[in-house]
Amino acid sequence: QVQLVESGGGLVQPGGSLRLSCAASGSISRFNVMGWYRQAPGKQRELVAAITSGGSTNYADSVKGRFTISRDNAKNMWYLQLSSLKPEDTAVYYCNALNIWNYQFWGQGTQVTVSS
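The model shown is predicted, which means the values in this text are computed figures rather than measured ones. (Residues numbered from 1 in each chain as written. Predicted model: local features only at pLDDT ≥ 70, side-chain atom pairs only at ≥ 80, totals over all residues. Heavy atoms only, no water.)

Draft legend 1. Representation of the sheet that holds strand β1 (residues 4-7) within the structure. The strand order across the open sheet built from four strands is β1-β3-β8-β7, with neighbouring strands paired in antiparallel fashion. In this open sheet, the two strands that pair with only one neighbour each are β1 and β7 (67-72). Each neighbouring strand pair of the sheet contributes to a mean axis angle of 15 degrees, computed without reference to strand direction. Here β1 runs beside strand β3 (residues 18-24); their pairing, made up of four bridges, is antiparallel. Opposite V5, over in β3, you have A23 as the bridge partner. (Pairing = 2+ DSSP bridges. Helix = DSSP H or I, 4+ residues; strand = E, 2+ residues; numbered from the N terminus. Axes fitted to C-alpha atoms, helices over the stretch in contact; angles between N-to-C directions.)

Set out below in structure tokens:
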């Protein structure tokens, strides 16, 4: 059974930075795509960033130039560096993985709050 565990959320002031981490139980080489989604109160969950097994990345327009997704195969982890944070980035952030059979796995979520 695959388990994903996020960490790194918290309260940060506008303009600040955070790094979210997602730890997988077992090798991340099983996954074709690893990503981060977020869900703000009253809104649908949306894709923030994704990275493929080949290293290609994709970002939501709202975070391009501010967020960076990366991975560490040796540690079976991937990350989301959040910079220049805005109040509208406030949400629960979920890590996500898609395996070779197109089955999705989700973490439990970590809260990011951007407020002065």
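Draft legend 2. Expanded view of the pairing of strand β8 (residues 77-82). Within β8, five of the six residues are buried, leaving the element largely enclosed by the surrounding structure. As paired elements, β3 and β8 share six bridges and run antiparallel to each other. By the bridge assignment, L20 is partnered in β8 with L80. The antiparallel hairpin formed by β7 and β8 contains four residues in its connecting segment, where N76 sits at a positive phi of about 55 degrees. (Buried < 20%, exposed > 50% of the residue type's maximum accessible area, 1.4 Å probe, protein only.)

Draft legend 3. Just the state of the cysteines, in detail. Applying the stated criterion to the full structure yields one disulfide. Disulfide pairing places C22 opposite C95 at an S-S distance of 2.1 Å. Its S-S torsion of approximately 50 degrees makes the covalent link between C22 and C95 right-handed. In this pair, C22 is assigned in strand β3 and C95 in strand β9 (residues 91-99), connecting sequence segments 73 residues apart. This pair shows no difference in class: C22 is buried, exactly as C95 is. (Disulfide = S-S within 2.5 Å.)

Draft legend 4. Quick look at the environment of S84. Counting through the fold element by element, S84 comes out in the loop between β8 and β9. Along the backbone, S84 and L20 are 64 residues apart, and their C-alpha atoms lie at a distance of 14 Å. In this view, S84 contacts G15, G16, S17, R66 and D89; residues no more than four positions away in its chain are not counted. (Contact = heavy atoms within 4.5 Å.)

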